[in-house]
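Here is what each chain is made of, one letter per residue.
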Amino acid sequence: MPWLRLTLRAGRDQAEPASEAFETAGAVAVSLEDAGDEPLFDTLQPEPPLWQVTRVTGLFPEGADAQEVATALARELHLPSPPELESDV
């Protein structure tokens, strides 16, 4: 089954809310990755640290509409307009 992969670049404070917004918009999976070259190491902190700039990627079924997802993200993240998403089918 083909998938639609949509990616948003988010700052450290927006990565988790963006991840939750992707899930609310219907993503079947969400991943967080380093958007730069900032190595992080496993620590004993209860919450793992995030990168300064994070690539938040949501995986959607093939028929998902990228513009509808962007609109849902704007609503969930309280943005004035839909964010620019990178897409990969």
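Above this text you will find the structure in question.
Residues numbered from 1 in each chain as written. Predicted model: local features only at pLDDT ≥ 70, side-chain atom pairs only at ≥ 80, totals over all residues. Heavy atoms only, no water.

Tell me about helix 1 (residues 15–24), and please be specific about residues and values.
Taken together, the buried positions of helix 1 are occupied by A15, A18, S19, A21 and F22. In an axial view of helix 1, the angular spread of the buried residues amounts to 160°, which keeps them on one side of the axis. Following helix 1 by one or two positions, G26 has its phi on the positive side, about 110°. (Buried < 20%, exposed > 50% of the residue type's maximum accessible area, 1.4 Å probe, protein only. Helix = DSSP H or I, 4+ residues; strand = E, 2+ residues; numbered from the N terminus. Arc of directions from axis to C-beta.)

For the pairing of strand 3 (residues 53–61), give the residues involved together with the corresponding values.
When strand 1 (residues 3–11) meets strand 3, the two strands line up antiparallel, connected through nine bridges. Note on strand 3: the bridge partner recorded for R5 is L59. Relative to strand 3, strand 2 (residues 29–34) runs antiparallel, the two sharing six bridges. For L32, the partnering residue across the bridge sits in strand 3 and is V56. (Pairing = 2+ DSSP bridges.)

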